[in-house]
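Structural overview for review
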Amino acid sequence: RLRACLTEIRAATTGHSASREILEAEHIASNLLRYLDMASGNEFNVRDRAMFDNLEWQIARLPKGTKVLVWCASVHAAKAAMPDTEGTPMGRYIHDTYSDRAAAIGFSARSGSFGRPGKTPTVLDTTAQESLESRVFASDGNTDDFRYVDHAKLARFGAITARALNYRQPQAANWATLLDGMVVLREEQPLP
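Below is a short write-up of the structure. (Residues numbered from 1 in each chain as written. Predicted model: local features only at pLDDT ≥ 70, side-chain atom pairs only at ≥ 80, totals over all residues. Heavy atoms only, no water.)

1. Some words on the sheet that holds strand β3 (residues 146-150)
What counts, and what does not: At least two bridges found by DSSP between two strands is the condition for calling them paired. The helix and strand labels rest on DSSP assignments: H or I over at least four residues marks a helix, E over at least two residues marks a strand, and numbering proceeds from the N terminus.
Strand order in this open sheet of four strands is β2-β1-β6-β3, and the pairing throughout is mixed. The two strands at the open ends of the sheet, each matched to only one other strand, are β2 (122-123) and β3.

The following block contains the structure:
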């Protein structure tokens, strides 16, 4: 019944004058229909395409030349999917649309824990010495809490294991093909 109602809303708003209220109703109905589509088993692709479409909708409402910052999980910011996966991250759509006018900056951590507020945190496995996170904090005497790894340095690492896209399971990848830079925390802690 909800799908039928949303479909009726979209049909009723299509082709009408482009008032702000009509455009918003059509956009909200489309988003809710996408949300229902996520139950189809293709959740990642549906979600990330919807996130990109929402971004485009917001950008269209801003003055020309406005700078935009999108804060999301690194897996959604990536410029390409991980090898051997079929998902298309929002960052891929952004990269295809904006090319070098956009940058995908990922986040990772060498140690600590992660989780959602109010939930028991998950302790990060200690990263192996050959991981990107460990190599970034290799003994150079620097005690900073985080490091920024630019695109050139990511490229110099080549294929290396990191957890930027999946904290539960580090993955080997050429991270320069996925991200333009990475912020690596020495120790991550979730909000209480």
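2. Notes on helix α5 (residues 90-98)
Heads up, the rule is: Between buried and exposed lies partly exposed: a residue is buried under 20% and exposed over 50% of the maximum accessible area for its type, with that area taken using a 1.4 Å probe on protein chains only. The directions from the helix axis to the C-beta atoms are what the arc is built from. By definition in these notes, contact holds between two residues if any of their heavy atoms fall within 4.5 Å.
Among all positions of α5, only M90, G91, Y93, I94 and Y98 are buried. Angularly, the buried residues of α5 cover 160° about the axis, an arc narrow enough to put them on a single face. Packed against the buried residues of α5 are α3 (43-60) and α4 (74-77).

3. A few points about a nonpolar patch on the surface
Basically, it comes down to this: Each patch is built from residues that are more than 30% exposed by relative accessible area and take part in no salt bridge. Like charges join if they lie within 9 Å; nonpolar side chains (Val, Leu, Ile, Met, Phe, Trp, Tyr) join within 5 Å. Here the accessible surface of atoms and residues is derived via Shrake-Rupley with a 1.4 Å probe, and residues count as covered only by protein chains that are part of the display. For salt bridges, the criterion is a side-chain nitrogen of Lys or Arg within 4 Å of an Asp or Glu carboxyl oxygen.
On the surface, L62, V68 and V70 cluster together into a nonpolar patch covering about 220 Å² of accessible area. Here L62 is to be found in the loop between α3 and α4. Assessed through its relative accessible area of 38%, L62 is described here as partly exposed.

4. A word on the packing of α3 against α5
Using the following cut-off: Axis lines are fitted to C-alpha atoms, over the contacting stretch for helices. Their N-to-C directions set the angle, which ranges from 0 to 180 degrees. Each angle is binned into one of four classes, with values under 35 degrees roughly parallel, values over 145 roughly antiparallel, values of 65 to 115 roughly perpendicular, and all other values oblique. Amino acids outside the nonpolar list (Ala, Val, Leu, Ile, Met, Phe, Trp, Tyr, Cys, Pro) and the charged list (Asp, Glu, Lys, Arg) are all regarded as polar, and Gly is one of them.
Where α3 contacts α5, the axes come no closer than 8 Å and their chain directions differ by 45°. By the criterion of interaxial angle, the relationship of α3 to α5 is oblique. Only M90, Y93, I94, T97 and Y98 of α5 make contact with α3, whose side of the interface consists of D48, R49, M51, F52, L55, E56 and I59. Class assignment of the residues belonging to the contact of α3 with α5 gives a composition of eight nonpolar, one polar and three charged.

5. Description of the nonpolar core
Side chains that are nonpolar tend, in soluble globular proteins, to be buried together. So the rule is basically this: Residue types Ala, Val, Leu, Ile, Met, Phe, Trp, Tyr and Cys, when buried and joined through side-chain atoms within 4.5 Å, form a set referred to as a nonpolar core.
Ranked by size, the top nonpolar core spans 21 residues in total, and within it L132, L154, W175, L178, L179 and M182 carry the most contacts. Within the residue set of this core, elements represented by two or more residues are α6 (132-136), α7 (151-157), β4 (159-162) and β6 (181-188). Apart from residues no more than four positions distant in its own chain, L179 is found in contact with A78, K79, A104, I105, G106, H151, L154 and A164.

6. Topic: the packing of aromatic side chains
As a reminder, the rule being used: Classification of ring pairs uses Phe, Tyr and Trp, with its six-membered ring standing for Trp, and accepts pairs whose centres are within 6.5 Å; under 30 degrees between planes counts as stacked, over 60 as edge-to-face, and the remaining range as tilted. Either the NZ atom of lysine or the CZ atom of arginine qualifies as a charge over a ring when it sits within 6 Å of the ring centre and within 35 degrees of the ring normal.
The final tally for this structure, using the stated rule, is three aromatic pairs. Where F114 meets Y167, the ring centres are 5.4 Å apart and the plane angle is 90°; that geometry is what we call edge-to-face. Note that F114 is positioned in strand β1 (residues 105-114) and Y167 in the loop between β4 and β5 (171-174), a separation of 53 residues in sequence. Residue classification places F114 among the buried residues on the basis of a relative accessible area of 15%. Under the relative-accessibility criterion, Y167 is labelled buried at 17%. Directly above the aromatic system of W57 lies the positively charged group of R61, at a separation of 4.3 Å from the ring centroid.

Treat this as a map of the structure, not an account of what it does.
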